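# Observations on the three-dimensional arrangement
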Amino acid sequence: MSETLSRRVGRLVSGGFHALIDAAENLAPEAVMNESIREIERAVDEVRAELGKVLAQKHLAAKKMADESNRHEALSEHIRAAVVAERDDLAESGIAEQMDIEARLPVLENTIADCAAQEKELEGFIAALQAKKREMQQQLQDWRAAQQNAAAGGGAGGSGLE
């Protein structure tokens, strides 16, 4: 996952909704709130896309590891047959290939473990972003209610966000 995506998620989750409205200088606070919610939705989409890539990479590594393990087992049978047939050249070739497979398996295991860790992290990002989106939607509803109350009460109130 790119570091910029990680930083963006952190900024969006920790950012203050009220600060965004203050930054808009009350020109169009509802539009600013809606745009902030849409930004959260775009970030969730980006994290989900990244999660999809990680899941695909994990699946491919697991498939490759299973294929390598099967090949290793098949080579064992071929090596036994070569020894029985007194074909030392074939047995040596099979053993060398098995050693190559044994060298690749830990790399594949590490790839799967790394993907699992990234998967967990990305799922956490999605959960945090969704929680922040719900919080922002609630604050938008509260702001709208305050605006309606202010309008019904003669419009004497402020922004209703304090």
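Residues numbered from 1 in each chain as written. Predicted model: local features only at pLDDT ≥ 70, side-chain atom pairs only at ≥ 80, totals over all residues. Heavy atoms only, no water.

The next subject is the overall build of the protein chain. Assigned secondary structure in the protein chain consists of four helices and zero strands. For the protein chain, the N- to C-terminal ordering of α and β elements is α-α-α-α. The proportion of buried residues among the 162 residues of the protein chain is 27%. By sequence separation, contacts in the protein chain at least 24 residues apart represent 78% of the contacts at least 6 residues apart. When the accessible surface of the protein chain is split by element, carbon and sulfur atoms take 53% of a total near 10,200 Å². (Helix = DSSP H or I, 4+ residues; strand = E, 2+ residues; numbered from the N terminus. Buried < 20%, exposed > 50% of the residue type's maximum accessible area, 1.4 Å probe, protein only. Contact = heavy atoms within 4.5 Å. Areas by Shrake-Rupley, 256 points an atom, 1.4 Å probe, with all protein chains shown as cover.)

Further remarks concern the pattern of salt bridges. A side chain with one charge may pair with a side chain of the opposite charge, provided their charged atoms come close. Across all of its chains, the model carries 11 salt bridges by this definition. Between Arg42 and Glu35 there is a salt bridge whose closest N-O contact spans 2.7 Å. For Glu35, a relative accessible area of 34% puts it in the partly exposed group. Here Lys63 ties to Asp67 by a salt bridge, and the two come within 3.5 Å at their closest N and O atoms. (Salt bridge = Lys/Arg side-chain N within 4 Å of Asp/Glu carboxyl O.)

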